[in-house]
Amino acid sequence: MVAASVPFNLETCARPNILQLVPYRCARDDYKDDGVNILLDANENAYGPSLPLNGARASKNDLDETGSDLDFDCTRLHRYPDPHQIDLKSLFCAYRNRNPTNPITPANLFLGVGSDEAIDALLRCFCRPGKDKILTCPPTYGMYAVSAQVNDVEVIKVALNLESGNFELRPDEINKALAADLDIKLVYICSPGNPTGALVDPAAVQKILAHPTWNGVVIVDEAYVDFAPDGSSLAPWVAEYPNLVVMQTLSKAFGLAGIRLGVAFTSAPIARLLNSLKAPYSISSPTSAIGMTAFSSAGLAVKHANVSKILAQRDRLLVELPKIPGIGNFLGGRAANFLLVEILSAPGVGKPCNTVALKVYQGLAETMGIVVRFRGSEAGCNGCLRMTVGTEAENTRLLEKLREMMADIYAAT
């Protein structure tokens, strides 16, 4: 793959104050914490963490009763974490690299507190408050708009294809919007989409990247990409395209939402800006240790096994849900760990109905102890619930209680 020549210019696209930013440096950028040096540079508590460790290293069994490969030295928690995380970044690269002749390297990475930190950092890097804009493609992840509002940045919307039920990206309409408004600096694309579950056509992304006049950055949010077919990630493309960012997270397929670890793959110059403006120690030492364990051979084996079980349960729900009276079509795609499901106004002959969908949503949570997500207020999602694929037992309960709840609702109307 050879990237087309684009008019992207980092020097005129990024905010001038960010381009001039000198990143925070500490003495340990020059003299590492090697466990031997006496560290009197960072005003840390030299006596160690306030934990009942008795000076002992915490073994993996202290932290994880399952006896995993996790091994973390809690006695070092009084020291600030590594600000650069090169070892962890190298594991992310090894996991995503597909092009041996032009691989992505740690210089292409920004690590954040979940993908949300990357979403916000990109806005602060490229968008001047009160002037610049971003473009989103609803229905989509709500944090793009939230972060834009926090940063006083206007959101331009070019909806996905709402007529087909598949929510395809419309690159021609996006490119028209970019040509018409030079203040649009960022395009946020969710693939697989949330709440659509639809994988974006790579050719559509490529068409936006090849825009002949636009000076901006394309951001592809791949939080759910590991539930899509192998090879779906566009992360390797960042070695070819200077204005592409691909965001990912360990929250979904890796099952590590609690450690809040996200990554942005991008060109080295953009990664340098993002790393310059971030807080120097945002990735904690425990988070880094757990993340590295997730990329071990044992960790990846667990991840692959769990994803396989989720995909099998997703296939089960695709078969079993339509057997429940009042369930309509599945909208969007099948590339995530959730399904977007229509709830009808009446069994069989009804139309998608927000009123009934809200009753089902509230009834499941309040009387059945099952929490799904009402998405009927989003573009193209009338009458829709988003249902995460659970365990076999959880899905069995969902199917049973959903059938019961919908029968009660229709009987009362």
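Residues numbered from 1 in each chain as written. Predicted model: local features only at pLDDT ≥ 70, side-chain atom pairs only at ≥ 80, totals over all residues. Heavy atoms only, no water.

## Description of unusual backbone geometry
- Here Ser191 and Pro192 are connected by a cis peptide whose omega angle stands at -5°.
- By secondary structure assignment, the location of Pro192 is in the loop between strand E4 (184-190) and helix H8 (202-209).
- The amide bond that connects Asn194 to the next residue, Pro195, takes the cis arrangement and shows omega of 25°.
- Mapped onto the elements, Pro195 comes out in the loop between E4 and H8.
- Even without a glycine there, the phi angle at Phe167 is positive, about 55°.
- Mapped onto the elements, Phe167 comes out in the loop between strand E3 (154-157) and helix H7 (171-180). (Helix = DSSP H or I, 4+ residues; strand = E, 2+ residues; numbered from the N terminus.)

## Examining the pattern of salt bridges
- A complete count under the given rule lists 14 salt bridges for this structure.
- Two residues, Arg260 and Asp116, come together in a salt bridge whose shortest N-O distance is 3.7 Å. Of this pair, Arg260 sits in the loop between strand E6 (244-249) and strand E7 (262-266) while Asp116 sits in helix H5 (residues 114-126), placing them 144 residues apart in sequence.
- Taking relative accessible area as the criterion, Asp116 reaches 24% and is therefore assigned partly exposed.
- One salt bridge connects Arg124 with Asp120, and the closest N-O pair in it is separated by 2.8 Å. Taken together, the positions of Arg124 and Asp120, both in helix H5 and four residues apart, correspond to about one turn of that helix.
- When salt bridges that share partners are traced, they join Arg96, Asp226 and Lys303 into one network. (Salt bridge = Lys/Arg side-chain N within 4 Å of Asp/Glu carboxyl O. Buried < 20%, exposed > 50% of the residue type's maximum accessible area, 1.4 Å probe, protein only.)

## With respect to H5
- With ten of 13 residues buried, H5 lies mostly within the body of the structure.
- Listing the buried residues of H5 in full gives Gly114, Ser115, Glu117, Ala118, Ile119, Ala121, Leu122, Leu123, Cys125 and Phe126.

## Focus on the environment of Pro352
- Within the element layout of this structure, Pro352 appears in the loop between strand E9 (338-343) and helix H12 (354-368).
- C-alpha separation for the pair Pro352 and Val341, spaced eleven residues apart in sequence, amounts to 9.5 Å.

## Some remarks on the sheet that holds strand E11 (residues 384-388)
- The four strands lie next to each other as E8-E9-E11-E10, forming an open sheet whose pairing is antiparallel. The open sheet has two edge strands, strand E8 (327-331) and strand E10 (373-374), and neither has a second partner.
- Judged from the three bridges that link them, E8 and E9 form a sheet pairing that is antiparallel. Bridge pairing in E9 places Phe330 opposite Val341.
- Packing of helix H13 (residues 392-411) onto the sheet brings it into contact with E8, E9 and E11, and relative to E11 it is tilted by some 160°. (Pairing = 2+ DSSP bridges. Contact = heavy atoms within 4.5 Å. Axes fitted to C-alpha atoms, helices over the stretch in contact; angles between N-to-C directions.)

## A closer look at the confidence of the model for the chain
- Confidence in the prediction for the chain averages 91 pLDDT; 93% of positions are at 70 or higher.
- This model gives residues 58-67 a pLDDT under 50, and the stretch forms 14 contacts once residues within four places in sequence are excluded. (pLDDT = per-residue confidence, 0-100.)

## Comments concerning the state of the cysteines
- Enumeration according to the criterion identifies zero disulfides in this entry.
- Its sulfur unpaired, Cys384 is 5.2 Å from the next cysteine sulfur, which belongs to Cys381.
- Note on Cys384: relative accessible area 0%, which makes it buried. (Disulfide = S-S within 2.5 Å.)

## Structural notes on the packing of H12 against H13
- Interaxial distance between H12 and H13 falls to 10 Å at its minimum, and their mutual angle equals 125°. Comparing their axes, H13 and H12 come out oblique. In this structure, the crossing between H12 and H13 has a hand that is right-handed. Residue-level inspection shows Val356, Lys359, Val360, Gly363, Leu364, Thr367 and Met368 of H12 in contact with H13, the latter providing Arg397, Leu398, Lys401, Leu402, Glu404, Met405, Met406, Ile409 and Tyr410.
- Tallied by class, the residues present in the contact of H12 with H13 amount to ten nonpolar, two polar and four charged. (Parallel < 35°, antiparallel > 145°, perpendicular 65-115°, else oblique. Left-handed = near helix turned anticlockwise from the far one by under 90°. Nonpolar A, V, L, I, M, F, W, Y, C, P; charged D, E, K, R; others polar.)

## Details of the environment of Phe167
- The buried category is assigned to Phe167, whose relative accessible area is 4%.
- As for Phe167 and Gly197, which are separated by 30 residues in sequence, their C-alpha atoms are 9.1 Å apart.
- The residues contacting Phe167, other than those within four sequence positions of it, are Pro139, Leu160, Asn161, Leu162, Thr196, Ala198, Leu331, Gly332, Leu340, Ala379, Gly380 and Cys381.

## Details of the packing of H5 against helix H9 (residues 268-277)
- Running from N to C, H5 and H9 point in directions that differ by 100°, and their axes come no closer than 10 Å. Between H5 and H9, the crossing angle belongs to the class labelled roughly perpendicular. Only Ile270, Leu273, Leu274 and Leu277 of H9 make contact with H5, whose side of the interface consists of Ala121, Leu122, Arg124, Cys125 and Phe126.

## Thoughts on helix H6 (residues 143-150)
- Considered for burial, the residues of H6 that qualify are Tyr144, Ser147 and Ala148. Seen along its axis, H6 keeps its buried residues to an arc of 105°; they face one direction. In H6, the exposed positions angled more than 90 degrees off the buried face are occupied by Gln149 and Val150.
- Summarising the contacts, the buried residues of H6 are in contact with H5, strand E2 (133-136), E3, E4, strand E5 (217-221) and E6.
- Downstream of H6 by one or two residues, Asp152 has phi in the positive range, about 60°. (Arc of directions from axis to C-beta.)

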